[in-house]
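So you can see what is in the structure, the chains are spelled out below.
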Amino acid sequence: MTDRSNTKQLADQVIATETILDVTPDAVLVSNLGVASYVLAGVEDRDRNFYMWGSMGVTTPVGFGLALSTDDQVTVLEGDGSLLMSLGALSTVGAHGPDNLVIVVWNNRKYVTTGGQPTHAETTDFVGAAESCGVRATQVSSDGDFENAYREAVAHDGPMLVVCDVEEIDPDTRPPYDFAHIKRRVRESLTESST
Ligand SMILES: [Mg+2]
């Protein structure tokens, strides 16, 4: 196996997260525990950020459920390790096909929060797995390509998965909330917009 960080350009997860907020400022963002949530909170802490707290492998399932419950845009900020833990969720997403759901996979090929152990992302074809489940998918590795892919994914008539190869980072920001508060805040935001 090759170390792709030596041979391939990688996107900046902070810039890509800023792009998501620029393109879809009103979206519900469901972020994986650890780095995805820390980066999102550091870029902008907002009512529609649904940070996973101590619950690995459920980011895509939670985002999928939310997408069925609202017409608003729902974007999942997944990790490669978390998606591997619940890869079967892609089959459910493909079967139901909510067109307001985008799944972004921050692919750093490691379990960063638990110490940087390698995941099996190096030998797993996330794009192939998603498309086999009926979910359109693409893979990018630069900030510019990510923006184009994310815009395409939001516009696509159906769910879409965007795998974004990123540098490993370990941000300092920690959202200062417990899970009950996070859930209540997102729920109230969605309720207000539907009344
Ligand atoms: Mg990872």
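Residues numbered from 1 in each chain as written. Predicted model: local features only at pLDDT ≥ 70, side-chain atom pairs only at ≥ 80, totals over all residues. Heavy atoms only, no water.

## Re the side chain of Q73
If you trace the backbone, Q73 turns up in the loop between α3 (59–69) and β3 (74–79). On the basis of relative accessibility, which here comes to 15%, the residue Q73 falls in the buried class. Side-chain polar atoms of Q73 contact the backbone oxygen of N100, separated by 3.3 Å. Setting aside chain neighbours within four positions, we find Q73 in contact with T24, A27, V28, N100, L101, V102 and V154. (Helix = DSSP H or I, 4+ residues; strand = E, 2+ residues; numbered from the N terminus. Buried < 20%, exposed > 50% of the residue type's maximum accessible area, 1.4 Å probe, protein only. Polar contact = N/O pair within 3.5 Å; in protein donor to acceptor, adjacent residues only side chain to side chain. Contact = heavy atoms within 4.5 Å.)

## A closer look at the pairing of strand β1 (residues 28–31)
The side-chain alternation of β1 yields two buried faces, one formed by V28 and V30 and the other by L29 and S31. Across 3 bridges, the pairing between β1 and strand β2 (residues 49–51) is parallel. Looking at the pairing, V30 lines up with F50 of β2. Tracing the backbone out of β1, into helix α2 (residues 35–43) and back to the parallel element β2 gives a crossover that is right-handed. (Pairing = 2+ DSSP bridges. Right-handed = clockwise from strand over helix to strand, strands pointing away.)

## Examining the coordination of the magnesium ion
The magnesium ion binds to the protein through D80 (OD), N108 (OD1) and K110 (O); the donor distances cover 2.2 Å. On the basis of relative accessibility, which here comes to 8%, the residue N108 falls in the buried class. (Donors = N, O, S within 2.8 Å, 3.2 Å for Na, K, Ca; no water.)

## Details of the packing of helix α1 (residues 13–23) against α2
One way to put it is that α1 packs onto α2 with a least axis distance of 10 Å and a crossing angle of 60 degrees. Of the two possible hands of crossing, α1 and α2 adopt the one that is right-handed. Here Q13, V14, T17, E18 and L21 of α1 come into contact with α2, specifically with V35, A36, V39, L40 and V43. Residue classes in the contact of α1 with α2 are distributed as 7 nonpolar, 2 polar and 1 charged. (Axes fitted to C-alpha atoms, helices over the stretch in contact; angles between N-to-C directions. Left-handed = near helix turned anticlockwise from the far one by under 90°. Nonpolar A, V, L, I, M, F, W, Y, C, P; charged D, E, K, R; others polar.)

## Describing the pattern of salt bridges
Under the definition given, this model contains 6 salt bridges. One salt bridge in this structure joins R48 and D72, with 2.9 Å as the shortest N-O distance. Of the two residues, R48 sits in the loop between α2 and β2 while D72 sits in the loop between α3 and β3, which places them 24 residues apart along the sequence. With relative accessibility at 24%, the residue D72 sits in the partly exposed group. The shortest N-O distance in the salt bridge between R151 and E147 comes to 3.0 Å. Here R151 and its partner E147 are both found in helix α7 (residues 143–155), 4 residues apart, which amounts to about one turn of the helix. Accessibility expressed as a relative area gives 30% for E147, which makes it partly exposed. (Salt bridge = Lys/Arg side-chain N within 4 Å of Asp/Glu carboxyl O.)

## A look at the packing of aromatic side chains
Going through the model one piece at a time under the given rule, you end up with 3 aromatic pairs. Ring geometry for F50 against F179: centres 5.6 Å apart, planes inclined by 45 degrees, an arrangement best described as tilted. Placement of the pair is F50 in strand β2 and F179 in helix α8 (residues 179–193), with a sequence separation of 129 residues. Look at F50 and you get buried, because its relative accessible area is 9%. Since its relative accessible area comes to 30%, F179 is described here as partly exposed. Ring centres 5.7 Å apart and planes at 40 degrees place the aromatic pair W106 and F146 in the tilted group. Of this pair, W106 sits in strand β4 (residues 101–107) while F146 sits in helix α7, and the two are 40 residues apart along the sequence. Judged by relative accessible area, W106 falls into the buried class, the value being 2%. (Phe/Tyr/Trp six-rings, centres within 6.5 Å; stacked < 30°, edge-to-face > 60°.)

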